[in-house]
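# Structural overview for review
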Amino acid sequence: MSGSRPPSPSDADGATLAALGELVAVVARLRDPQGGCPWDLAQTHSTLIPYVLEEAHEVADAIRQGDDGHLAEELGDLLLQVVLQARIASEAGRFDLAAVACAITDKLVRRHPHVFDPAAERADDPEAVRRSWEAIKAAERQEPATASPLSDRLAQKVRGQPALAGAMTISRKAAAAGFEWDAIEGVWAKVQEEMDELRQAVASGDRAHAQEELGDVLFTLVNVARWCQLDPEEGLAGTNRRFLDRFSRVEAALGGDLGGRGLAELEGHWRAAKAQIRAEQGPGPTPPQADPAAGGS
């Protein structure tokens, strides 16, 4: 491509490059077989998977909280995972951090011709940019954008997503392709159907069957969220925060000792905590009612 390239490292922020270089040096020291850290030396690509996922989720949580200090810290933890993974590969002679950075830089330039190629048509519409990205991505794989069935493309797309986000992606794409209920009443009926099947599976004692039915319930609720233009990930994250807030107040009211308490007593403290939080927050604005039809396309 005849497009312009991003600034070379010599033109970039020297302090940033110095800080990254120091991080790379620290990770190299931690992985030094002679004087490094036993825990870091024991890690492999596979053993680090839980930490990569955990750090990514903590970045998302910091963004939701709006705490810049926390976000900077969590981004650092995620960056460490990238550097550490690259270091492990480098030690085996497969690739290094420079190869990782060069690969993503080349990809960004290649998939943004409207920015880096003076001969390319400018793009002001985010949706047009997305379509161009997908077309270029398909061409890189030497296949037309419509060659593989939707199910194959979705399988690739959700491969690295958390299950809840992947369910929303599948739901949206399948609905756009025409695999959709006529009205939201059909979605609610499906929720009830799946709930009944889950109850039956749990009652049967067949754990594997119950696990499948639980997944069906969750997937159908994701469809409810799509119809109502709600974000299930944000909804669940908010519920987690509210639960922990109320639970901490229950613990405080009981001096940190929940043992031996009856359900009625715990429920009373729970309701008191909920009322206390509402009083602290004060009356909030009434949210607008979502148009169910708006999310059905």
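Structural notes, computed from the coordinates. What you see is a predicted model; the values in this text were computed from it and never measured.

### Focus on the side chain of R226
- By secondary structure assignment, the location of R226 is in helix 11 (residues 207–227).
- Engagement of the side chain of R226 in a polar contact is seen with the side chain of N223, the distance being 3.0 Å.

### Observations concerning the packing of aromatic side chains
- What the rule picks out here adds up to three aromatic pairs.
- A centroid spacing of 5.6 Å and a plane angle of 85 degrees characterise the contact between W39 and Y51, whose relative ring orientation is edge-to-face. Of this pair, W39 sits in helix 2 (residues 38–42) while Y51 is found in helix 3 (residues 49–65), placing the two residues twelve residues apart along the sequence.
- Here W39 falls in the partly exposed class, since its relative accessible area comes to 41%.
- Among the aromatic residues, ring-to-ring pairing joins F243, F247 and W270 into one connected group.

### As for the nonpolar core
- Residues I184, V187, V191, V224, W227 and C228 constitute the largest nonpolar core, which totals six residues.
- Of all the secondary structure elements, the ones that give two or more residues to this core are helix 10 (184–204) and helix 11.
- Of the residues forming this core, the biggest block, three residues, is contributed by helix 10.
- The next biggest cluster of nonpolar side chains, apart from the first, holds five residues, and it includes V27, L48, L84 and I88.

### Some details on unusual backbone geometry
- Despite not being glycine, Q229 shows a phi value in the positive range, around 55 degrees.
- By relative accessible area, Q229 is classed as exposed at 53%.

The rules behind each value
- Residues numbered from 1 in each chain as written.
- Predicted model: local features only at pLDDT ≥ 70, side-chain atom pairs only at ≥ 80, totals over all residues.
- Heavy atoms only, no water.
- Helix = DSSP H or I, 4+ residues; strand = E, 2+ residues; numbered from the N terminus.
- Polar contact = N/O pair within 3.5 Å; in protein donor to acceptor, adjacent residues only side chain to side chain.
- Phe/Tyr/Trp six-rings, centres within 6.5 Å; stacked < 30°, edge-to-face > 60°.
- Buried < 20%, exposed > 50% of the residue type's maximum accessible area, 1.4 Å probe, protein only.
- Core = buried A, V, L, I, M, F, W, Y, C linked by side-chain atoms within 4.5 Å.

Taken by themselves, the reported measurements are silent on function.
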